[in-house]
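Fold and contact review
The lines below spell out each chain.
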Amino acid sequence: MPRLKIAGPCRLQGEVSVQGAKNSALPLLAASILCREECILHNCPQLSDVRISTEILRKLGCRVLSERDTICIDAREISSFQIPDDLMREMRSSIIFLGAILGRTGCAVLGFPGGCELGPRPIDLHLEALRKMGASIVEDHGRLLCETPTGLHGAHIALSFPSVGATENVLLAASCAKGTTLLENAAHEPEICDLADFLNSCGANIRGAGGSTIEIEGVEQLGGCEHWVIPDRIAAATFLAAGAATYSTITLRDINPQHLAPIWPVFEEAGCDLTLFRDAAVLVPPKKLHRIKHIRTMPYPGFPTDAQAPLMAMTTQCQGTSMFVENIFESRYKHVGELLRLGAHIRVDGRVAVVEGPSKLSGTTVEAADLRGGAALVVAGLAAFGETIVEEIHHIDRGYEAIERTLGDLGAQIRRLP
Ligand code: UD1
């Protein structure tokens, strides 16, 4: 199994170009199923989750061509409405294909995505919304059998929680449904706006994305379009955390600073000096990082749960006590045990984690348990003295394009071992 070897502590320097957003690329690939003309997606990150999504598209009968960060999808001749179980299991977010397949073919059969490393990952909000739109959904031996006997129709849907995936599934299912769908308590994440922009460019009629209420007027069918995936705000936050934790000045390029609005105040509180440009930012660390009083993960525009772990690795280098409250996922502190092995001082009590810093971290072998937790171990490894080996890095590869190359270009001593 490949591993990452980091010789720390590292001092980073220079510029990093931030990849396109994984969490946008996946729903956009799913959305292409609805289109009757070719779609061209640029700035797609080259990640295992993106590869699995293109495999799913091929299984459904789409023609898919990938070249570097561009993917062309031709979904004119869809021949299947089933996603094989192995692909469903490989990527838990494959549930976002449901709304698109149902919207295009009127039927869908897919494996239940099940629980995952972040704790139970229910899909009740997705299913409830699709049922309101006329879908009949039966759970049968871990599979979801879905059909729309009379086609999908518009509905008034109020989510009990602004779930990102459920909001995406409603946008996908409603784009070509009969009539108008009013979605309340929708997720506000930038990736929702990116999906709505893509669908509108293909001919959909979606208003209000980015706010709590989204109105989708169903259209007969969608055409195609050429679209650029938005920058990955979580990868950006991870590189900022790496810069601060190693007391390095770094420049991020190809970002959207507005999407990072919930992140900047945390780095300012730590004493970092930030200069923001239209699509770039420069982070200059202070002489000593200050503690961060509270980080509470919340739906956007709150602090993103996906940035919690990398930021926690950074706070091991801050002076004093920093506190985290994880409000989105039940089981998102799996990186803590591994950070302790590197010498961090962290206590967890339920949803709260308290970090006492600064700690002199020392390198050892640690294991990534999930994607962002794995990135946290890399951030900590960069700050740690001696050699850190990060194992199970297939988790990291799900969300970061060749992380060793990006950090290596910044001057980190990091190598992928076969
Ligand atoms: C998306 C992101 C993920 C991020 C998360 C929260 C993608 C591919 N993944 O995941 O990286 O961490 O948003 O920002 O975009 N919930 C239910 N019932 C449901 C759906 C969700 O109870 O039907 C709960 C979940 O268990 C969780 C919370 O709602 O506690 C948030 O989940 P959600 O916003 O749906 O996250 P995902 O779309 O799965």
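Residues numbered from 1 in each chain as written. Predicted model: local features only at pLDDT ≥ 70, side-chain atom pairs only at ≥ 80, totals over all residues. Heavy atoms only, no water.

The strand order β10-β11-β13-β12 describes an open sheet built from four strands, whose pairing is mixed. Edge positions in the sheet fall to β10 (156-158) and β12 (205-207), since each of these pairs with one other strand and no more. Geometrically, the sheet is characterised by an average inter-axis angle of 15° between neighbouring strands, direction not taken into account. Sheet topology places β10 next to strand β11 (residues 180-184); three bridges connect them, and they run parallel. Bridge pairing links Ala-158 to Glu-184 in β11. (Pairing = 2+ DSSP bridges. Helix = DSSP H or I, 4+ residues; strand = E, 2+ residues; numbered from the N terminus. Axes fitted to C-alpha atoms, helices over the stretch in contact; angles between N-to-C directions.)

Within a beta sheet, neighbouring strands are joined by backbone hydrogen bonds and run either parallel or antiparallel to one another. Spatial ordering of the open sheet is given by β22-β23-β1-β24, a layout of four strands whose pairing is mixed. Unpaired on one side and paired on the other, β22 (365-367) and β24 (414-417) mark the two borders of the sheet. Across this sheet, the average inter-strand angle for adjacent strands is 25°, counted without regard to direction. Taken together, the four bridges between strand β1 (residues 3-8) and β24 define a ladder with antiparallel strand orientation. Residue pairing for β24: Lys-5 is matched across the bridge by Arg-415.

Our next topic: the pattern of salt bridges. Per the counting criterion, the structure on display carries 18 salt bridges. A salt bridge links Lys-5 to Glu-387, with the shortest nitrogen-to-oxygen separation between them at 3.7 Å. A residue pair is termed long-range when its members are at least 10 positions apart, and Lys-5 in strand β1 and Glu-387 in strand β23 (residues 386-391) qualify at 382 residues. One salt bridge connects Arg-76 with Asp-74, and the closest N-O pair in it is separated by 3.1 Å. For Arg-76, a relative accessible area of 45% corresponds to the partly exposed category. Each of the salt bridges in this network shares a partner with another, and the network as a whole consists of Glu-15, Arg-253 and Asp-254. (Salt bridge = Lys/Arg side-chain N within 4 Å of Asp/Glu carboxyl O. Buried < 20%, exposed > 50% of the residue type's maximum accessible area, 1.4 Å probe, protein only.)

Counting 77 residues, the largest nonpolar core has Phe-97, Leu-98, Leu-171, Phe-198 and Leu-199 as the members making the most contacts within it. In contact with Leu-171, not counting residues within four places along its chain, are Ile-192, Leu-195, Ala-196, Leu-199, Ile-206, Ile-214 and Ile-216. With 71 residues, the next largest nonpolar core counts Ile-263, Leu-283, Met-314 and Leu-342 among its residues. (Core = buried A, V, L, I, M, F, W, Y, C linked by side-chain atoms within 4.5 Å. Contact = heavy atoms within 4.5 Å.)

Attention now moves to the domain arrangement of the chain. Per the domain assignment, the segments of the chain are domain 1 (3-19 + 231-417) and domain 2 (22-228). Here the C-alpha centroids of domain 1 and domain 2 sit 30 Å apart. Listed as interface residues are 22 residues of domain 1 and, on the opposing side, 20 residues of domain 2. Each partner contributes to the roughly 1800 Å² buried at the junction of domain 1 and domain 2, and carbon and sulfur atoms together form 53% of this total. Of all residues in domain 1, Tyr-300, Arg-398 and Glu-401 give up the largest surface area on contact with domain 2, accounting jointly for 31% of the area buried on that side. Across the pair Arg-398 and Asp-49 runs a salt bridge, and its minimum N-O distance is 3.2 Å. Where domain 1 packs against domain 2, one counts five residue pairs in polar contact (both at pLDDT 80 or more). Split by residue class, the side of domain 1 that touches domain 2 holds seven nonpolar, four polar and eleven charged. (Domains from an automatic or database assignment. Buried area = accessible area lost by both parts, 1.4 Å probe. Polar contact = N/O pair within 3.5 Å; in protein donor to acceptor, adjacent residues only side chain to side chain. Nonpolar A, V, L, I, M, F, W, Y, C, P; charged D, E, K, R; others polar.)

It is worth spelling out the site of the ligand at this point. Around the ligand, a shell composed of 18 residues is seen, among which Asp-124, Leu-125, Ser-163, Asp-306 and Ile-328 lie nearest. Between the ligand and Asp-124 there is a distance of 2.7 Å, counted from a nitrogen atom to a side-chain nitrogen or oxygen. Note that an oxygen atom of the ligand is positioned 2.6 Å from one of the side-chain N or O atoms of Ser-163. Calculation on the ligand without its partners gives an accessible area of 750 Å², and the protein chains cover 83% of this total. Residue assignment for the shell around the ligand shows that the elements contributing at least two residues are α5 (124-132) and α6 (164-175). Per-element accounting of the shell around the ligand gives the leading share, three residues, to α5. Residues of the shell around the ligand, tallied by class, amount to eight nonpolar, six polar and four charged. (Near = heavy atom within 4 Å. Areas by Shrake-Rupley, 256 points an atom, 1.4 Å probe, with all protein chains shown as cover.)

What follows is about the pairing of strand β19 (residues 320-325). Alignment of strand β18 (residues 294-296) against β19, held across three bridges, turns out to be parallel. Note on β19: the bridge partner recorded for His-294 is Met-323. At this point the chain moves from β18, through helix α10 (residues 308-315), to the parallel β19, and the crossover so formed is right-handed. (Right-handed = clockwise from strand over helix to strand, strands pointing away.)

The subject of this paragraph is the packing of aromatic side chains. Each aromatic ring pair is characterised by the separation of its centres together with the angle its planes make. The full count for this structure, using the stated rule, is one aromatic pair. With a centroid separation of 6.5 Å and an interplanar angle of 75°, the aromatic rings of Phe-239 and Tyr-400 are classed as edge-to-face. Here Phe-239 is found in helix α8 (residues 233-245), whereas its partner Tyr-400 is found in the loop between α13 (394-397) and α14 (403-409), with 161 residues between them in sequence. Taken individually, Phe-239 and Tyr-400 each receive the classification buried, so the pair is uniform in this respect. (Phe/Tyr/Trp six-rings, centres within 6.5 Å; stacked < 30°, edge-to-face > 60°.)

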